[in-house]
Amino acid sequence: MRKTIIVSNRLPVKISEADGDYTLQPSEGGLATGLGSIYREGNNIWIGWPGQEITDQKEQDKVTKQLRKMNLMPVFLTQDEINNFYEGFSNETLWPVFHYMSVYARYEQDYWDAYYQVNRKFRDIVLKVAEPGDIIWIHDYQLLLLPGMIRAEMPERSCGCLQHIPFPSYELFRLIPWRAEILEGMLGADLMGFHTFDDTRHFLNAASRILPVNTSANIVSYNDRAVVVETFPMGIDFNKYAEMGNDPEVLQQMQHLKENFQQDRLILSIDRLDYSKGILQRLQSFELLLQLHPEYIGKVVLYMIVVPSRDTVPQYKELRDEIDKYVGNINARFRTLAWHPIQYFYRSFPLETLSALYNFADICLVTPMRDGMNLVSKEYVASRHNNDGVLILSEMAGASKELIDAIIVNPNNIGAITRAIVDALNMPLPEQTRRMKQMRTIVAKFNIHHWVKLFMTRLHEVNDMQQNMLARLVNQETAVLIRQQYHNTKKRITFLDYDGPL
Ligand code: GDG
């Protein structure tokens, strides 16, 4: 039976080990929720790294068996591969360049070699399970070579690929020494998707300038194949966030927040630790608020959650130290006996805590320097079932293209962020409601299930289109043959056709 194969760097599962036994817990991430309706069905499958180094063959077999029951298939990575492929090329080369922070990028041959090898490792697992008629959907920047590698082995297979982070302008992208190989890899897909129209345009531009391809509108003609490049802005599970406000655990946590922050206005900030998220700039704008508007001292609290991430990479460690210092400095300067300006947490929290904060916070401050989409902004909007609260959103987040009723700011403009906070604190309730209602309509409609359906439907349409084109396109070999026969023959009839009447 025809099946769908999802491939991503990480499997949608958290794995923990105690006394030689492995516990697998499904992850609650947005992608896992959205694709849950696909990979759990029938003989569909999700391929990826289980998130832990397991080298012993017996242990690998044990985990594989457990995962197979959940329609998951592991790709085991060694510590060396994790260092060079994941932390190296993915996070120290592609991530900074794709987020316009090329000064942080390292272009190491060892990183590239590992990236290539690990993409091949993924390919080998895909080849093991893929059968004629299967559909393959590959996710994100860690696996950009995989579509091309699969195409080389299984030219007929239907393959879609979606990148979750920005695609930079040509001038940035061409800094990468292996830029052509990366593009060739991506063009192995039949349908290549991005979160925003700008990312799509940047990709088309880079492809046409770096490779010998023809692009017409959003179609790239490459190796006698048409690759469709389109925009698919990712949504969230709207109902889940909208309904969580009634969960008893969430209500209890909101009660705690009410007791702790009584008269305070709360500004919420949630990110993974990352230099692309603009955390330091956010702190500067909050500091400026307290300097320029002392009337808010004792009245406004910045509740800041930074989720640990990649802190073995030097820039991330430095960033964490700088945040620690900055927060300490602001708290030491402005605190009173009864009030702390910043409540800072460097850890992750259960979803119920996040939901309580989304429901409770007066303002959600999301100011990344670059972000493919940014789901936190959408989760805040979905949680506001009373249609109040204000979202301040960076124009550099993909979500800003949809959430146009947020207060949109340039994250480099510290003064503008401070002004936006003042505006948000003083926004009359009717205006909050008007803006929030508009945003909620969009987040509700373009939810994660809609997104998955749209991508899959489009992939089928693209495959049909390619089939139709096969009947018309003459490939190189056939063209040579036709030319030879034309020259060798003595009698020739020329048929001229326009738009199919003959
Ligand atoms: C990448 C792209 C794109 C955060 N803290 C906790 C927690 N979270 C959850 C949020 C949200 C997710 O993590 C973060 O998603 P973002 O989209 O904001 O950012 P990235 O992690 O950088 O994601 C991004 C995304 O991929 C999807 O395509 O939007 O641009 O960079 O869902 O709720 N979850 C829990 N505890 C926490 O403390 N449980």
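Just above sits the structure.
Residues numbered from 1 in each chain as written. Predicted model: local features only at pLDDT ≥ 70, side-chain atom pairs only at ≥ 80, totals over all residues. Heavy atoms only, no water.

Draft legend 1. Quick peek at the layout of surface pockets. The volume enclosed by the second largest pocket comes to roughly 750 Å³. If you list the elements that add at least two residues to the lining of the second largest pocket, you get α5 (146-153), α7 (179-186), β11 (225-231) and α17 (448-472). When residues of the lining of the second largest pocket are assigned to their parent elements, the largest contribution, six residues, is made by α17. (1 Å grid on protein atoms, 1.4 Å probe; cavity = no way out; pocket = protein on both sides within 12 Å on 5 of 7 lines; lining within 4 Å. Points joined across faces, edges and corners; volume = space filled by probe spheres on them. Helix = DSSP H or I, 4+ residues; strand = E, 2+ residues; numbered from the N terminus.)

Draft legend 2. Quick peek at the side chain of Q60. Note on placement: Q60 falls in helix α2 (residues 57-68). Among the polar contacts listed, one links the side chain of Q60 to the backbone oxygen of I54, at a separation of 2.8 Å. Those residues within four positions of Q60 in sequence are excluded, and the remaining contacts are I54, T55 and F76. (Polar contact = N/O pair within 3.5 Å; in protein donor to acceptor, adjacent residues only side chain to side chain. Contact = heavy atoms within 4.5 Å.)

Draft legend 3. Examining the sheet that holds strand β4 (residues 45-49) more closely. Taken together, the nine strands give an open sheet; going across it, the order is β5-β4-β1-β6-β7-β8-β11-β10-β9, and neighbouring strands pair in mixed fashion. Edge positions in the sheet fall to β5 (72-74) and β9 (214-216), since each of these pairs with one other strand and no more. With direction set aside, neighbouring strand axes in the sheet form an average angle of 20°. For β4 and β5, the ladder comprises three bridges, and the chain directions are parallel. From the neighbouring strand, I47 faces β5, where its bridge partner is M73. (Pairing = 2+ DSSP bridges. Axes fitted to C-alpha atoms, helices over the stretch in contact; angles between N-to-C directions.)

Draft legend 4. Broad picture of empty space enclosed by the protein. In this structure the tally under the stated criterion is one cavity of 30 Å³ or more. Looking at the largest cavity, its volume works out to about 40 Å³. Along its surface, the largest cavity is lined by G389, V390, L391, D405, A406, I407, M427, Q432, R435, M436 and M439. Examining the composition of the lining of the largest cavity, we find that four residues originate from one element, helix α16 (residues 429-445), more than from any other.

Draft legend 5. Up close: the sheet that holds strand β15 (residues 363-366). Pairing in this open sheet of six strands is parallel, and the strands run β14-β13-β12-β15-β16-β17 from one edge to the other. Sheet topology places β14 (342-345) and β17 (407-409) at the edges, where each strand pairs with a single neighbour. Along the sheet, successive strands turn relative to each other by an average axial angle of 15°, direction set aside. Pairing geometry for strand β12 (residues 265-272) and β15, over two bridges, is parallel.

Draft legend 6. Molecular detail of the packing of helix α11 (residues 279-292) against helix α12 (residues 314-334). For the pair α11 and α12, interaxial distance at closest approach is 10 Å and the crossing angle is 10°. The angle between the axes of α11 and α12 places the two elements in the roughly parallel class. Here I279, L280, L283, Q284, E287, L290 and Q291 of α11 come into contact with α12, specifically with L319, E322, I323, Y326, V327, I330, R333 and F334. Class assignment for the residues of the contact of α11 with α12 results in 10 nonpolar, two polar and three charged. (Parallel < 35°, antiparallel > 145°, perpendicular 65-115°, else oblique. Nonpolar A, V, L, I, M, F, W, Y, C, P; charged D, E, K, R; others polar.)

Draft legend 7. Structural view of the environment of A444. Position of A444 among the secondary structure elements: in helix α16. Look at A444 and you get partly exposed, because its relative accessible area is 28%. C-alpha of A444 to C-alpha of A242: the two residues are 202 residues apart in sequence and 9.2 Å apart in space. (Buried < 20%, exposed > 50% of the residue type's maximum accessible area, 1.4 Å probe, protein only.)

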